[in-house]
Amino acid sequence: MIDMVLIGNFIFLTLKNAVPLILATTGEVITERSGVINLGVEGCMIVAALVGVVATLLSSNYLVGLLLGGLVGALLALLHGLVTIVFGANQIVSGIATTMVGLGITSLLGRGYVGRSLLGLRPSPLYPYDIPLPDYLKPLVVAIVKQDVVVYISIIIPILCMWFLFKTKLGSAIRACGENPVIAESLGVDVVRTRLLAVGLGGFLVGLGGAYLSLGIVGTWVENITAGIGWVAVGLVAFSMWVPLRALLASYMMASLISLSYMLQGRVGISTYFLAMIPYLTTIAILAIVSVERFRLRLGAPAALGKPYIREERLG
Amino acid sequence: MFRVKVLRRYEVSSRFKLVTYLTSFIVGVFLFILFEVLLGANPYEVVDRLFVRPLTSYDDLRVSIRYAVPIGIIASGLLIVYRAGIYSIGAEGQMAVGAVFAAWAAYTLSLGSPTSVVVALLVGVLGGIIWGLLPATLKALLNVNEVLTTLMMNFIAYSLVDYLIYGPWRSPKSYGFPLTEPIPTVFTIPTHDGVPVINFLVFTLVVFLTYVVTKMSKLGFQIRAYGLNPSTAYASGMSFFKVVLLSFVISGALAGLAGALQLLSIHHRLGPKSWSVTEGLGYTAIVAAWISRLEPLAMIPASLLMGALVNGGLAIKAVLGQSEGVVNLMNGMILLSIVAAEFFINYRLVIRFR
Amino acid sequence: MYVVVNKTSFLYGNSILGREVVLSVNGLSKRFGNVVALRNVDLELRSNEIHVLLGENGAGKTTLANIIYGIYRPDSGTIKFFGKEVNIRSPKDAISYGIVLVQQHPMLIERMTVAENLALGFKELGILSSPKTIGRVVREVNEKYGISVDPEVLVSNLSFSEKQQVELIRALLLNVKLLILDEPTTMLTSYERRKLFSILKKLVSDGRSILLITHKVLEALEVSDWITVLRRGEVVASRPKEMYSVDELVKLVVGDDGELVSSVVSPSKSVEVGGNVLEVKDLIVLNDVGGIAVNKVSINVRSGEIVGIAGVTGNGQKELSEAIAGLRRVRDGRILINGVDVTNKGPSSRFRAGLAYIPEERLKYGVVGDMSVTENLILKDYYMFSRFTLLRLSDAVRVAEECIKTFNIVTRGPSEKVKALSGGNIQKLIIARELRLNPKVVVAHNPTLGLDLRSTSIVHEQLLNIKYSGSGVLLISEDLDEVIKLSDRVLVMYRGTIVYEGVRGCSREALEKAMLGIVDV
C-alpha cells in the first residue's frame, strides 16, 4: 500500500520549499533579461531573511516582514546595480562582493535574533478548517490546501511576469536592453534606467523569497540560513532559459529533490551529509545539460548578458 | 540642474591607476569602519585593531603573516585563472579538500620525516587539483559557467568535511565536539615563534613561479589572449581546452597546497566551520587577487595587506563581541569599491552645472 | 505653373519659389585631431526634396550627417532648422526636432518582432500596454507608402530591405520632417533599390525632406532632386540634378585623383593555375538559430587563382566563412585544405594545413586590441619564439619591425596597443600576420569593409600578390565591384547555395540578377 501520508508530506514540503526558489529565480530572470547578472542573489536573500524576521517581530505582522524583506532585497540589488550599471564594473565580481556584504552584515546584525521564536506570527494556512475526506485522499488535499497565501502567490507571480516581460512595452524594453543595449538606446529606451528598474524589481522578488525562507519555512533566524539556495536559483535561471514559467517548473523540480533529501534522512543508509549535497550536485548537472549545444538551449540567453553598457559621449 | 558627461579615457598613466586603486581600497575600508561605528564600535578602536596593530606590533605581525601566506598562495593561483577570464571561486573548497587529502595521508601513511611532510603536501596538492577537475572539464568541454559550478563544489566540500568530522574521522577524545585526531607529529611543519617560515618560503617560491608562468611562458601568453579576447584567441588556434584545464589545475593545486600547509603547520586537525582549516581564506584570497590587479609581483604586498586585515577583522570580532561575518563584510566592501574603481580608471566624469 | 521660357526658369520655377527651406547649414567645419573632416560647408535643403549628398568614402558625408543628427558637434558654423538656429546636442535632440538618421546597418533588435521594436520609442504607448497595438499604425503606414512589412514578424526573419523599411516606419512614427539615409543601397539588389526609391518619393510628396548619402553617381542621378557634391570635406558643387551630366559629376566627385579610382590595380600578370588548395564539398552549415545557412555548397579554389563569392550579405556567407576557418561546426560535408581533411577540426588544424583567414569582424576574430602590435603579429605562431619553453618577445620584435615596414602599417612602434590603430592599419596587420605563415590559401571575408580608398587599394594589391605568388584566394565580399575586379572566377551565393558561376569578364547584369535569385537556366 502506498503511504499516502508520506506522499502528502512530500507534496506539502515541496510546495513550500519551492517558494524561495520560485521567487528568487523569477526575480533573477527579470534582472538577467535586462542584461545584468546579479550574483548577489544569495546576499539579497539572506539580508531579506533577517529583515523579514526583525520586521515581523516589530510589527507583529508577517506581511510587513515580507514586504520589507523584499524592499531590502531590492536595495542591496540596486547597490550592485549602481556599481555595475552606472559604473560599468565587472558584474561577476560585483555580485560576489555583494553576496559577501550581505552574508557579513546579516552575520553581524543577526546575532541577537538567532533562534528567536516567531510564535503565531508566521504565515498561516489559508484554510484552517478540517477537511472531512477519507484517509487515502486527505493527505493530498491537505498538502495543497493548507498552504499559506504566499505559496499561492508564488505560483501567480511567474505567470504575471510572463505577461509583463512578453506582452508589455516595458517588458519589451527590458528585453531589448538585454539583447543589444546600444540599439535599444537608439530606439528610444533609457538603458540605464530600465536596467536599474529590472535589477530593483528582480531584487524585490528575491527579497520576498528570502523573507519567506525565514518566516515561512525555517520559522526563525539562524546564521547562514540560505545555505546556498540563492546560488541554486541563479543556476535555475539558465536552466529555465530565462522564461518565468519554466522557472516555476524548474523550481518545483529542485524543491522536490530537496524535500526528498530531507525525507530520506535517517531512513536510507546514506549519510545526512551526502544527502545535503543533492541540491548542489543537481545544480551542476543542470548547468551542464543546459550548455550542451545539441539542446540549443543557450539560445535563450539575452545576447548582451554580463556586458557592461556605458553611454559615452563621443569625443567631439 | 547638472549634467553629467562620461568620456572614455585613452591614455592612463600607471601612477594614476595606482592612485585610483589605492583610493578605492581606502574607501572600501572606510565604509567598513563606518559600518562598525554604526554598530556602536569606537572608530579609534576599530582603526587600531584593523590597521595599526596588525602591522606594527610584533605579535600581531606574526599572525598577519600567518594569514598572508595561504592567502597569497591561493591568490597566486586565482590570478592565473582570472587572467584567463575564468571566474573560479572554488578556492575555498579546493583548499578544504587539499587539507582532507593531506589529513588522509597523515592518518594512513607511515613515513619518516621529512618525506612525510613532502608527501602529505603533494597529496594535498592532488586533492585541490581533483576538486577543481569537475568544473574545469565542464567549462573546457561545454563552457559551463564556472562561477556557479565552483561555488557548488565549495558547498559540497563543506558537506564532505562535515561528514568526515562527524563520522569516520571523529575523535573519541573530543567530548562530542566534532574534531579529528591531531595528525602525527612526524607530519607537522614546525613554526618559529608562531611564524610559519617554511610556508613563507613556499609562498615566495609560488609568487616567483607565478610570475614566470604569467609573464614569460607560452601558457601565460595564451591565458592573456583568452582573457582579453577569447574569440580571437580561439580563432588563432589557441586551445581553449588546454588553457582552461591548465589554469584550473594550477589554481586547484595551489589552493590544495595552501590547505595542506594550513593543516600541517597550524591546525593539525580538521574541525567544523569555526575551527576550520580554511578560515574563509579561500574567499579572502579572491579579494587579494583583485587588489593585486592580477599582477604577480603585487601579490606580496596585497596578501600582506589582506592578512593584516583578516587579523584585524578577527580581532575586532573578538574584542567587540561580533561574529565571523566581520571578515566577510570587510571583504565585500573592499571588493565592491575596487570593482567600482575600474570605472574611474577607464572613464572620466565631467559634471557641468547649468 | 510656369511657362517654359528657358531651361533655367523651368528648373527654378518649382524649386525655389514653391518650397520652404527646411535645413540651412552655413560655414560648418569639423576636424578630428589633425584631420580636417569638413571645411566651411554650406548646404540648403528644402521641403518635398530628395537631396543627395554625393562623395567618395572619406569625403566627409557621414561626418556631416552625424553633426546634423547630434552625434558630433561642429567646430564652427551654424545650423538652421526651419529658419531657426538650432543647437543639436544629441540624437535625442535631433529627433525632437524631427530629424531622423537611418544608418547603413539596421539598428533593430533581432529577437523581437517589428511591433515590439517600434513600440520601444513610441511615447504615446503606455509602459504596460501591449506592443501589438502599434500593428494597426504600421499597417496604415504600409498602405500609404507602399511598404510591405508584417508587424508581427520577428526582425531576424526579415530581409535587409525589409529591415530598412522598418527603420523608415520608425522614422514616420517619430514624425520625421528631415530623414537622413546613410548609404542605404549598398546591400540592396536593383529591384529592392527601386522599391526604396519609390517609397522615398512618396515620403517627400507629403512635405518631408530627405538627405540621402551615397557614393554612387548613377544612383544620385536616379533618385535626387538636388545634388551636393563633397570632396575632401568641401562642397564642390550644389545644384539641381538636371544641371549635371554624368561625366561632369564623376569628375567633381573624384577630382584630380581620378587616377586613384580608375587606376584599378588590374590583374596584369597571368599565373599558372595548379591543383586544388581549398575544396569544399557538399557543405551544410547551420546558423545561430538552427536553420540551414549553407545548403550543400561545393567550391574549389586552385593555386594561382582568385575565386570570388558575391552576394548580398545574409545569404550564408558568414556561416560559410566561419566554417572554413574552423569557427563553426559543419552539419554535413567536407572541407579539405591542400588535400587534408580538416572538417570539424579546430582552427589550428587549418593553419597547419596552410590556410590563412582574414575575418570580416576584425576586432572580434582578428586581433586582440589590448595586446601590442608585436604580440598580435605572432598570435598564431608564438611558440616559434620560445627558448627553453619560455617566450622571448625580443625575437618577435624584429619580425614585427619588418612587417611594419613591408606592409606600411602606421603605428608608433611594435609595442603600441593595436586598439589604437585605425581600421585600415589593423587590416594591414592582420594581412601581414597571415602572410607571414606562407599560406597556400587565403580566405578573405569582406576585407575592405569600412576602409578608406587608399587602404582598400593596398588590400587589393596584397590579394593579387598572394595570387601571383602561387597561392589561392577565396574572396567573399558583398562589394560586387571588388569581386568583379579581382576574381578569376565568380560565384554568386543566394540563400545558402551557389546559384551562378562565371569567369572573369562575365556579364555584370547576370551577376546582379543572380544575387537576387534570378537565374536564367
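Please read these numbers as outputs of a predicted model, since none were measured by experiment.

The rules behind the values
Residues numbered from 1 in each chain as written. Chains lettered and ligands numbered in written order. Predicted model: local features only at pLDDT ≥ 70, side-chain atom pairs only at ≥ 80, totals over all residues. Helix = DSSP H or I, 4+ residues; strand = E, 2+ residues; numbered from the N terminus. Rg over C-alpha atoms; globule rule 2.2 N^0.38 Å. Buried ≥ 20, exposed ≤ 12 C-beta atoms within 10 Å, placed from the backbone. Contact = placed C-beta atoms within 7 Å. Nonpolar A, V, L, I, M, F, W, Y, C, P; charged D, E, K, R; others polar. Core = buried A, V, L, I, M, F, W, Y, C linked by C-beta atoms within 7 Å. Domains from an automatic or database assignment. Pairing = 2+ DSSP bridges. Axes fitted to C-alpha atoms, helices over the stretch in contact; angles between N-to-C directions. pLDDT = per-residue confidence, 0-100. Parallel < 35°, antiparallel > 145°, perpendicular 65-115°, else oblique. Left-handed = near helix turned anticlockwise from the far one by under 90°. Expected span 1.5 Å × (residues − 1). Bend = angle between axes of the 7 residues up to and from the residue.

Draft legend 1. Examining the overall build of chain B more closely. Scanning chain B for helices and strands turns up 13 helices and 2 strands. Its C-alpha atoms give chain B a radius of gyration of 21 Å, within 12% of the compact-globule value 20 Å for 354 residues. Seen through its C-alpha atoms, chain B measures out along the principal axes to roughly 75 × 60 × 30 Å. Burial statistics for chain B: of 354 residues in total, 55% are counted as buried. Within chain B, residue pairs in contact and separated by at least 24 positions form 80% of the contacts whose partners lie at least 6 positions apart.

Draft legend 2. Expanded view of the interface of chain B and chain A. Each side of the interface is counted separately: chain B has 43 residues, and chain A has 43 residues. For the side of chain B that touches chain A, the secondary structure elements donating two or more residues are β1 (2–8), α5 (115–142), α6 (146–166), α11 (281–291) and α13 (325–346) of chain B. Residues belonging to the side of chain B that touches chain A are distributed by class as follows: 27 nonpolar, 11 polar and 5 charged.

Draft legend 3. View of unusual backbone geometry. A positive phi angle, near 55°, is found at Glu279 of chain B, a position not held by glycine. Tracing the backbone through its elements, the reader meets Glu279 of chain B in the loop between α10 (240–267) and α11. Its 23 C-beta neighbours within 10 Å are what place Glu279 of chain B among the buried residues. A positive phi angle, close to 55°, is found at Asn40 of chain C, a residue other than glycine. Residue position: Asn40 of chain C is located in strand β2 (residues 35–46). Asn40 of chain C sits in the partly exposed class, given 13 other C-beta atoms within 10 Å.

Draft legend 4. Layout of the interface of chain B and chain C. Tallying the contact residues gives 13 residues for chain B and 22 residues for chain C. Among the elements of the structure, α8 (218–228) and α9 (230–235) of chain B are those that each provide at least two residues to the side of chain B that touches chain C.

Draft legend 5. Spotlight on the nonpolar core. Within the largest apolar cluster, 371 residues are counted, with the highest numbers of intra-cluster contacts made by Ile74 and Ala102 of chain B together with Ile180 and Val492 of chain C. Counting only domains with at least three residues in this core, you end up with domain 1 (1–88 + 212–263) and domain 2 (276–363 + 438–516) of chain C. The contact partners of Val492 of chain C, leaving out residues within four places of it in the chain, are Ala310, Gly311, Ile498, Val499, Tyr500, Leu511, Ala514 and Met515 of chain C.

Draft legend 6. A look at the domain arrangement of chain C. You can read the domains of chain C as domain 1 (1–88 + 212–263) and domain 2 (276–363 + 438–516). For domain 1 of chain C versus domain 2 of chain C, the distance between C-alpha centres works out to 37 Å.

Draft legend 7. Representation of the sheet that holds strand β5 (residues 84–85) of chain C in the model. The 4 strands are arranged β2-β1-β4-β5 (chain C) in an open sheet whose pairing can be described as antiparallel. At either margin of the open sheet sits one strand with a lone partner, and together these are β2 and β5 of chain C.

Draft legend 8. The environment of Val19 of chain B, seen in detail. Residue and element names in this part refer to chain B. Its place among the elements puts Val19 in helix α1 (residues 14–38). Note on Val19: 12 C-beta atoms within 10 Å, which makes it exposed. The spacing of Val19 and Ile345 is 326 residues in sequence and 9.8 Å in space, taken between C-alpha atoms.

Draft legend 9. Molecular detail of the sheet that holds strand β9 (residues 226–231) of chain C. Residue and element names in this part refer to chain C. Spatially, β6-β7-β8-β3-β9-β10 is the arrangement adopted by the 6 strands of the open sheet, whose pairing is mixed. Sheet topology places β6 (99–102) and β10 (234–240) at the edges, where each strand pairs with a single neighbour. Neighbour-to-neighbour, the strand axes of this sheet turn through a mean angle of 15°, independent of strand direction. By the bridge criterion, 6 bridges tie strand β3 (residues 49–54) to strand β8 (residues 209–214) in an arrangement that is parallel. Its bridge partner being in β8, Val52 is matched across the sheet by Leu212. In this fold helix α9 (residues 246–254) packs onto β3, β9 and β10, with an angle of close to 35° to the strand it touches most, β9.

Draft legend 10. Up close: the pairing of strand β22 (residues 497–503) of chain C. All names here are of chain C. Looking at chain direction, strand β21 (residues 489–494) and β22 are connected through 6 bridges and run antiparallel. Each residue of the ladder has a partner; that of Met493, found in β22, is Ile498. The antiparallel hairpin formed by β21 and β22 contains 2 residues in its connecting segment, where Arg495 sits at a positive phi of about 50°.

Draft legend 11. Spatial organisation of the confidence of the model for chain C. All names here are of chain C. Chain-level pLDDT for chain C is 85 on average; 93% of the residues reach the 70-or-more range. When the elements of chain C are averaged for pLDDT, helix α10 (residues 258–262) gives the smallest value, 43, and strand β19 (residues 441–445) the largest, 95. Residue range residues 1–15 is modelled with pLDDT below 50. Its contacts to residues more than four positions away, or to other chains, number 8 contacts. In this model, residues 258–264 is a region of pLDDT below 50 whose contacts with residues beyond four sequence positions or in other chains number 3 contacts. Across the predicted assembly, pTM comes out at 0.86 and ipTM at 0.86.

Draft legend 12. Looking closely at the pairing of strand β20 (residues 472–477) of chain C. Residues and elements named next belong to chain C. Most of β20 sits out of view: 6 of its 6 residues are buried. Burial along β20 is two-sided: Gly472, Leu474 and Ile476 facing one way and Val473, Leu475 and Ser477 facing the other are all buried. Here strand β13 (residues 306–310) pairs with β20 via 5 bridges, running parallel. Residue pairing in the sheet places Val307 in a bridge with Leu474 of β20. Note: β19 against β20, 5 bridges, orientation parallel. Following the sheet pairing, Val443 is matched in β20 by Leu474.

Draft legend 13. Just the packing of helix α4 (residues 91–108) of chain B against α10 of chain B, in detail. Residues and elements named next belong to chain B. Packing of α4 against α10 brings their axes to within 7 Å, and their N-to-C directions diverge by 55°. Judged by the inter-axis angle, α4 sits oblique to α10. Of the two possible hands of crossing, α4 and α10 adopt the one that is right-handed. Note on element contacts: α10 touches α4 through Ser251, Gly252, Ala255, Gly256, Leu257, Ala258, Gly259, Ala260, Gln262, Leu263 and Leu264, opposite Ala91, Gln94, Met95, Ala96, Val97, Gly98, Ala99, Ala102 and Ala103. Taken together, the residues of the contact of α4 with α10 break down into 13 nonpolar, 7 polar and no charged.

Draft legend 14. A look at α5 of chain B. Residues and elements named next belong to chain B. Compared with an ideal rise of 1.5 Å per residue, which puts 28 residues at 40 Å, α5 spans 40 Å between its outermost C-alpha atoms and is within 8% of the ideal. At Leu133, α5 shows its largest bend, some 40°, and a proline, Pro135, comes one to four positions later. Asn143 occupies a position one or two residues after α5 and carries a positive phi of about 55°.

Draft legend 15. Structural context of the packing of α4 of chain B against α11 of chain B. All names here are of chain B. Orientation of α4 relative to α11, taken along the N-to-C sense of each, is 135°, at an axis distance of 7 Å. Taken together, the axes of α4 and α11 are oblique relative to one another. As α4 packs across α11, the resulting crossing turns out to be right-handed. Seen from α4, the contacting residues are Ala91, Glu92 and Met95; seen from α11, they are Gly282, Tyr283 and Ala285. Here the contact of α4 with α11 is built from residues that sort into 4 nonpolar, 1 polar and 1 charged.

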